[in-house]
Amino acid sequence: MMRFTWARTAWQRVVGNTVLVRLIPTWQAGRALAKPHDYALFADEAYRRNALVAACVWEIATSAAEPALKVQRRHVDGSLEDVGSDHPLARLLAKPNVFQSQYEFLEQFHTHQQVTGNAYIRKIRAAAGHAPAQLALLRPDRTSILPDANGFVKQYDYPLGG
């Protein structure tokens, strides 16, 4: 019987009943691996240099941002009730921050997601313990995920400036 090995284990970690494994294709064994998420490279090669990709991203982002968001409350029996435009969440979604409308915010969110594969939203609170007062999109190329000892998200790092 012939065995074909298509991948090698780069690292393995056991967390409870789960085994986390990163595999490397055999043709890349012994080679340096690129940074997992080089957002500048994604944006440059796919989005800025390719008019077809840019048009597709634009079409998806603008179309996804068109429908108005609706805030509803789910009752115990499973029925849904519109909460109205005076609800704090409805007001927040209608005007996420002082710079963007709901449409502009969602268009930028979907553009980040399509170009880089990730979109990050920061909740800005008026005071500790209060509901979010604004939502701000963070640039995916500046946002880093810092894992804990088990490989799960510990925190996000977003350097200012630069």
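Scroll up a little and you will see the structure.
Residues numbered from 1 in each chain as written. Predicted model: local features only at pLDDT ≥ 70, side-chain atom pairs only at ≥ 80, totals over all residues. Heavy atoms only, no water.

## Describing the overall build of the protein
Then, in step 1: Looking only at helices and strands, the protein features four helices and eight strands.
Then, in step 2: Along the protein, helices and strands appear, N-terminal first, in the series β-β-α-α-β-β-α-α-β-β-β-β.
Then, in step 3: Sequence-distant contacts in the protein: of pairs separated by 6 or more residues, those separated by 24 or more amount to 34%.
Then, in step 4: For the protein, the accessible surface area stands at approximately 12200 Å², while carbon and sulfur atoms represent 55% of it. (Helix = DSSP H or I, 4+ residues; strand = E, 2+ residues; numbered from the N terminus. Contact = heavy atoms within 4.5 Å. Areas by Shrake-Rupley, 256 points an atom, 1.4 Å probe, with all protein chains shown as cover.)

## Remarks on the pairing of strand β7 (residues 144–147)
On a regular strand, each side chain points to the face opposite its neighbour's, so the side chains alternate between the two faces of the sheet.
Then, in step 1: Two elements, β7 and strand β8 (residues 153–157), share four bridges in a ladder whose sense is antiparallel. When the bridges of β8 are listed, L146 appears paired with Q155.
Then, in step 2: Joining the antiparallel neighbours β7 and β8 is a turn of five residues, in which G151 adopts a positive phi near 90°. (Pairing = 2+ DSSP bridges.)

## A look at the environment of Q134
Then, in step 1: If you trace the backbone, Q134 turns up in strand β6 (residues 132–138).
Then, in step 2: Judged by relative accessible area, which is 26%, Q134 ranks as partly exposed.
Then, in step 3: C-alpha separation for the pair Q134 and L93, spaced 41 residues apart in sequence, amounts to 8.8 Å.
Then, in step 4: Not counting the four nearest positions on each side in its chain, Q134 is found in contact with L92, P96, N97, V98, R122, K123 and I124. (Buried < 20%, exposed > 50% of the residue type's maximum accessible area, 1.4 Å probe, protein only.)

## Digging into the nonpolar core
Then, in step 1: If you look at the biggest cluster of nonpolar residues, it comprises seven residues: A65, L92, F105, L106, F109, L135 and L137.
Then, in step 2: The greatest single-element share of this core, amounting to three residues, is contributed by helix α4 (residues 102–116).
Then, in step 3: Apart from residues lying up to four places away in sequence, L135 is in contact with L92, L93, P96, N97, F105, I121, R122 and K123. (Core = buried A, V, L, I, M, F, W, Y, C linked by side-chain atoms within 4.5 Å.)

## What to know about the side chain of Q100
Then, in step 1: Residue position: Q100 is located in the loop between α3 (88–94) and α4.
Then, in step 2: Once residues within four sequence positions are removed from consideration, Q100 is found in contact with K95, F105, Q108 and L137.

## What about the side chain of N97?
Then, in step 1: Along the polypeptide, N97 turns up in the loop between α3 and α4.
Then, in step 2: The class of N97 is buried, set by a relative accessible area of 8%.
Then, in step 3: At 2.8 Å, the side chain of N97 and the backbone nitrogen of Q100 are in polar contact. (Polar contact = N/O pair within 3.5 Å; in protein donor to acceptor, adjacent residues only side chain to side chain.)

## Some details on the pattern of salt bridges
Then, in step 1: On inspection of all chains with the given rule, the structure shows one salt bridge.
Then, in step 2: A salt bridge links D141 to R139, with the shortest nitrogen-to-oxygen separation between them at 2.5 Å.
Then, in step 3: By relative accessible area, which is 39% here, R139 ends up partly exposed. (Salt bridge = Lys/Arg side-chain N within 4 Å of Asp/Glu carboxyl O.)

## Concerning the packing of helix α2 (residues 51–65) against α4
To describe two helices that pack against each other, one gives the angle between their axes and the distance between the axes.
Then, in step 1: The interhelical angle for the contact between α2 and α4, taken along N-to-C directions, is 140°, at an axis separation of 8 Å. The angle between α2 and α4 places the two elements in the oblique class. Where α2 crosses over α4, the handedness of that crossing is right-handed. For the pair formed by α2 and α4, the contact residues are V57, W58, I60, A61, T62, A64 and A65 on the first element and Y103, L106, E107, H110, T111, Q114 and V115 on the second.
Then, in step 2: Within the contact of α2 with α4, the residues separate by chemical class into nine nonpolar, four polar and one charged. (Axes fitted to C-alpha atoms, helices over the stretch in contact; angles between N-to-C directions. Parallel < 35°, antiparallel > 145°, perpendicular 65-115°, else oblique. Left-handed = near helix turned anticlockwise from the far one by under 90°. Nonpolar A, V, L, I, M, F, W, Y, C, P; charged D, E, K, R; others polar.)

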